[in-house]
Amino acid sequence: MSSNTNFYSKKLDEIRDQTPRTNSEYDSWRKRTLQEWNQKTGYRDREYINSSGIELKEVYTPEDIPQDTESRLLGMPGEYPFTRGVYPNMYRGKLWTMRMFSGFGTPEDTNRRLKYLIQHGESGLSIAFDMPTLYGFDCDNPRSDGEIGKCGVNVTSLKDMEVIFRGIDLSKVSTSMTINAPAAILTAMYIAVGKKKKIPISDLAGTVQADILKEYIAQKEWIYPPEAHLRLIRDMMTYCTENMPKWNYISISGYHIREAGSSAVQELAFTLADGFYYVDMGIKAGLDVDEFAPRLSFFFNSSINFFEEIAKMRAARRIWATVLKEKFGAKKPRTLLLRFHTQTSGYTLTWQQPLNNIIRTTIEAMAAVLGGTQSLHTNSYDEAWALPSEEAVKIALRTQQIIAEETGVPDVIDPLGGSYYVEWLTNRMEEEAYRYFDEIERMGGILDAVKAGYIQKEIAATSYRRQIRLEEGKEIMVGVNKYTEKEDQPINILKISKAAQKQQLERIRNVKKTRDQLKVDRALQELEDAMRKDDVNTMPFILKAVEAYATIEEISNVGRKVFGTWKEPVIV
Amino acid sequence: MLDKIIEGIYRGDHRSISRAISIVENEGDSENTRNLIRQIYQRTGNAHIVGITGPPGIGKSTMIGNICALLSERGKKVSVVAIDASSPFTGGSLLGNRIRMQESLTKYGVYMRSLANRGINGGLSRSIWDTVKILDAAGSDFIIVETVGAGQADLDVINLADTVIVVLGPGLGDEIQAIKAGIMEIGHVFVINKMDRQGAYIAMKDIEETLAMMPRGEWKPPVVGINSLTREGYDTLIESICKHRSFCETNREARLRKFRTELQMHIDDELRRKFQKDINGVLKDEGRLEEYLLRRIDPYSAAEEIVEEIA
Amino acid sequence: MSEERSSEHGKNQLSFKDRPIKILLAKPGIDGHDRGILVLAKAFRDAGMEVIYAGLLPTPEQVVETAINEDVDVVALSLLNGAHMTVFKKVADLMKERGVNDIAIVGGGTIPDADKPKLEKLGISGNYGPGTPISVIIDHVTKRAMEARKLKESGQ
């Protein structure tokens, strides 16, 4: 219930109390030097604010940050509150994982692309699925017509997963799957593929996104009402905690929240609020926070406002460590670590003058590295228009390799630590995030806030404001509203042929013909019974259905029958 | 052309219904509108009109979707009209309430139309009354009219609906007291939505107590708790609507009251129209206005004088 | 209101051009990317239009039925999942099937140049991509709406 004080409002007060209110050195410098200079030489008269609406001064000084910043707010790398990094040696220990998101067309296409990337030195696999898969529809559903393989690879049954990983040693790679609503089904398929390859389940390494809260907030790929999905995720969490020590079951994602139009602060606040919910859920499911929380990882966006992104990532680490320790009573240092994957911003890419996107991605990738990311995906320059071509993917990967091998940027940990500006901005982002946590808490928690559409409305409002600023020329996108050229789309785009759809339809026809239908029916019935009982873990039943070659839609339909489907709140 | 539309309305053809509503919405009380209503009026009077009002975000749209489904399953033909207030600044409006009822609309072929309040004096009132007639003539058993929030549209709905349902929910806190002040008299059925939420039961008791303190009419408004996700309480809700329908059918006074309101609206319009030209003349007469400015005559006396003159 | 309007029957109707444009916004495929469509919904509203937002995942059939029931001037379709050639076409085909020729269809999203003439041929115009100024889109919608109204008027 709403009350006037909660954990977050108390933290917020604390932060405000520590924030310096005056800056005499800055004030006197303005009077002494700046104003006269401005009058004499002129200045660019515009608003100086970042994406979060935070107003920026010309310069920052030691007076802008609390006096005990080093000892209390920063700490050393690998030490509480982990502002400077989660590991003591950071990139001297191990470079970030260069993980390129891929997957398109048929399972055969994706299998080829994965092998290509492994050959070029990629150290982790990451798979994108097409829209029907993400929403739990089979390729032969009429709604899937025209969508097969368009935004990722199509998976209708276990057969498809077997093809995707053909010839790839699952004990040597880690696989990240961007899947949410049907996350448990895809995890089960991965387990089944591993079993066929005789790899012990405990050796399977990877991540499923399974962050359903941000689906309702931003990406909007759901099947059932929130409570039903959360229950299935809880089952998966419990199952994986017991059986799959190398499986990260939730990747709490701000990426999509940002792409949906939020500011950096909103991305920070809503993502962490989702994270707190999952921690709470695990604790309520009877898991030990020090046991399961280390398996939660994060996924942030790195956009184009360089310092704001770095400050966001630093603030995120500090907030997570503080809240896990003080609110959720985590004891082990490992539990307090916010480890995250980063992807450069898709929204900042333009189809106009597409080669400029290489520069944007480079800057965003730099921010991610300076922000201390654990893994990174760099977008390809042609992605404003379609799925990336092989050549473009290679340049994107090379961008990371150049940062890692040539620039010297990773040589020193948190090189921006101690910058008055970056420290001040980190504090401000943190404060703004706590303001949101407090508000969400007063609304009855993130789930209620999402179901009421509050978070979605906040994001839509920010995104509309930004668009208006672009229209008015208050914000600039080079090639879009300034320095424009008359041009056609010059990109050589990767076309997904209708043949992918045909091939998938054929495969599923074969699967349905050859599978043991009785076994399928029985498995689905057992799954239904399990879903109806809240205290039964559904995971083993999903695995059984998958192994019987039940399709993703058949399995999802069991849930649709038991839980119903979801319609979004009206937010316009 | 009108004949074809009217023939389509009787068939229940959605396109014809749409066109007819566009006529009453866009053309105001034109000859077209008048002819249309004149011709179909004989065929109206069968539908029961259910007005639904309550604060935004309380779950009205989902509830309407469920009501549509349950009434349709009982073999009733249902239509829906949703009214939204346009922005007073740009005249634009943005309606998304269809989203949460779409499934029922599709499944049962329910006709649903959004009407925006375009801010013309009285324009909305008339087009709502006429829209309802078109849907009535199209064979609807129930016409559900949804309004968002307060304002003129709400008053209209209260006047034209046979059954007014007021939807409230938990968590409105002090607001509920303020809302209550305006709505306790108008509701025939009170619904507390989101019964699964904390505070819902208290809200329900609160409304029941307030109702108990009010002077009793022949109809005692029930308070129904519902949960749209599980459809809990919906049977009671449908029953309450049907009960009130029977009550109305035997209540000649209520039907006369409704007719009186509508007639009054049209008479006002006719009167204004008849004398508007003369009134305009007076309003343009600077000499007269000068008198007013110089405080030689007060507005009451001036108006009395002018009306006397014109009539 | 202006005095001339209310002096005679029907004179308080809004003229052909002054009447707000009524537009249906829909994403008829399996696609949750709603950033663009939400921005446009607000922009159209602020430009004085009456906007009906169909939400996520409506089927082409639902889009057409809604367009007819609401008697809109324009249906604006958005997809960023690459399925526009299949799904936009379905909407256009269904419109034709139901004999509707006086509701304009416009499109937008990630639509390659090569697909645009094909969509135009189906009567789906605009087909704007990310980065298009809102004013350009509003002008186009207005132009198509007026064309549709002319057809409506002559059909009535």
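Quick look at the structure, then. Quick caveat: nothing in here was measured; it's all calculated off a predicted structure. (Residues numbered from 1 in each chain as written. Chains lettered and ligands numbered in written order. Predicted model: local features only at pLDDT ≥ 70, side-chain atom pairs only at ≥ 80, totals over all residues.)

## Overview of the overall build of chain C
Across its full length, chain C carries 5 helices and 5 strands. The linear arrangement of helices and strands in chain C, starting from the amino end, is β-α-β-α-β-α-β-α-β-α. Counting across all 156 residues of chain C, residues that qualify as buried make up 58%. Counting contacts in chain C only where the partners sit at least 6 residues apart, residues at least 24 apart contribute 71% of the total. (Helix = DSSP H or I, 4+ residues; strand = E, 2+ residues; numbered from the N terminus. Buried ≥ 20, exposed ≤ 12 C-beta atoms within 10 Å, placed from the backbone. Contact = placed C-beta atoms within 7 Å.)

## Description of the overall build of chain B
Assigned secondary structure in chain B consists of 13 helices and 8 strands. Overall, chain B is about 70 × 50 × 40 Å in size when its C-alpha atoms are taken along their principal axes. A buried classification covers 42% of the 311 residues belonging to chain B. Of all intrachain contacts in chain B linking residues separated by at least 6 positions in sequence, the fraction that spans at least 24 positions is 76%.

## Considering the environment of I402(A)
In this structure, I402(A) sits in helix α16 (residues 390-405). The spacing of I402(A) and E383(A) is 19 residues in sequence and 21 Å in space, taken between C-alpha atoms.

## Quick look at the sheet that holds strand β3 (residues 93-95) of chain B
One open sheet holds the 6 strands; their spatial order is β3(B)-β2(C)-β1(C)-β3(C)-β4(C)-β5(C), and the pairing between them is parallel. Single-partner strands in this sheet number two, and they are β3 of chain B together with β5 (124-128) of chain C. With strand direction ignored, the average angle separating the axes of adjacent strands in the sheet is 20°. Note that strand β1 (residues 22-26) of chain C and strand β3 (residues 74-79) of chain C share 4 bridges and pair parallel. (Pairing = 2+ DSSP bridges. Axes fitted to C-alpha atoms, helices over the stretch in contact; angles between N-to-C directions.)

## Remarks on the sheet that holds strand β9 (residues 375-377) of chain A
Residue and element names in this part refer to chain A. If you trace the 9 strands from one edge of the open sheet to the other, you get β5-β4-β3-β2-β1-β9-β8-β7-β6, paired in parallel fashion. The open sheet is flanked by β5 (247-248) and β6 (250-253), the only strands paired with a single partner. Of the pairings in the sheet, the one linking strand β7 (residues 296-302) to strand β8 (residues 340-344) comprises 5 bridges and is parallel in character. Its bridge partner being in β8, N301 is matched across the sheet by Q343. Sheet strands touched by helix α5 (residues 107-119): β1 (97-102) and β2 (124-127). Its angle to β1, the strand with the most contacts, is close to 160°.

## A few points about the interface of chain B and chain A
As a measure of interface size, the accessible area lost when the parts come together is often cited. Contacts between the two partners involve 9 residues from chain B, matched on the other side by 7 residues from chain A. Taken together, the residues of the side of chain B that touches chain A sort by class into 3 nonpolar, 5 polar and 1 charged. (Nonpolar A, V, L, I, M, F, W, Y, C, P; charged D, E, K, R; others polar.)

## Here we look at helix α15 (residues 356-370) of chain A
All names here are of chain A. Between its first and last C-alpha, α15 extends 22 Å over 15 residues, near the 21 Å set by a 1.5 Å rise per residue. Within the span of α15, buried status applies to N357, R360, T361, E364, A365, A367, A368, V369 and L370. Once α15 finishes, G372 follows within two positions and takes phi at roughly 85°, a positive value. (Expected span 1.5 Å × (residues − 1).)

## Overview of the nonpolar core
Ranked by size, the top nonpolar core spans 260 residues in total, and within it M236(A), A433(A), I542(A), I23(C), L25(C), V74(C) and V75(C) carry the most contacts. Excluding its chain neighbours within four sequence positions, the residues that come into contact with L25(C) are I37(C), L40(C), A41(C), V51(C), Y53(C), A54(C) and A76(C). (Core = buried A, V, L, I, M, F, W, Y, C linked by C-beta atoms within 7 Å.)

## Points about the interface of chain B and chain C
Contact with chain B, which involves 41 residues of that partner, is made by 33 residues of chain C. Broken down by secondary-structure element, the contributors of at least two residues to the side of chain B that touches chain C are α2 (14-26), α3 (31-40), β3, α5 (102-108), β4 (111-117) and α11 (252-284) of chain B. Looking at the side of chain B that touches chain C, the element that brings in the most residues is α2(B), giving 7 residues. Taken together, the residues of the side of chain B that touches chain C break down into 9 nonpolar, 20 polar and 12 charged. Looking at chain direction, β3(B) and strand β2 (residues 50-53) of chain C are connected through 3 bridges and run parallel. By the bridge assignment for β2(C), S93(B) is matched with E50(C).

## Considering the packing of helix α1 (residues 7-18) of chain A against helix α17 (residues 420-442) of chain A
All names here are of chain A. Put simply, α1 and α17 touch, their axes get as near as 8 Å, and they point 155° apart. Classed by the angle they form, the pair α1 and α17 counts as roughly antiparallel. Two packed elements cross with a definite hand, and for α1 against α17 that hand is left-handed. Only E430, E431, Y434, R435, F437, D438 and E441 of α17 make contact with α1, whose side of the interface consists of Y8, S9, K11, L12 and I15. (Parallel < 35°, antiparallel > 145°, perpendicular 65-115°, else oblique. Left-handed = near helix turned anticlockwise from the far one by under 90°.)

## Topic: the environment of S93(B)
Residues and elements named next belong to chain B. In this fold, S93 is placed in strand β3. Judged by C-beta crowding, with 24 C-beta atoms within 10 Å, S93 ranks as buried. Sequence separation of S93 and A203 is 110 residues, and the distance between their C-alpha atoms is 32 Å.

## Focus: the packing of helix α12 (residues 264-284) of chain A against helix α14 (residues 306-326) of chain A
Residues and elements named next belong to chain A. One can describe the packing of α12 onto α14 by two numbers: an axis separation of 10 Å at closest approach and a directional angle of 25°. In this view, α12 runs roughly parallel relative to α14, as classed from their interaxial angle. Regarding α12 and α14, the two cross each other, and that crossing is right-handed. Seen from α12, the contacting residues are A264, L268, L272, G275, F276 and V279; seen from α14, they are E308, E309, K312, A315, A316, I319, W320, V323 and L324. Partitioned by chemical class, the residues of the contact of α12 with α14 number 11 nonpolar, 1 polar and 3 charged.

## Re the pairing of β2(C)
All names here are of chain C. Side chains of β2 alternate between two faces, with E50 and I52 and V51 and Y53 buried alike. Looking at chain direction, β1 and β2 are connected through 4 bridges and run parallel. Paired with L25 across the bridge in β2 is Y53.

Read these as spatial facts, not as claims about activity.
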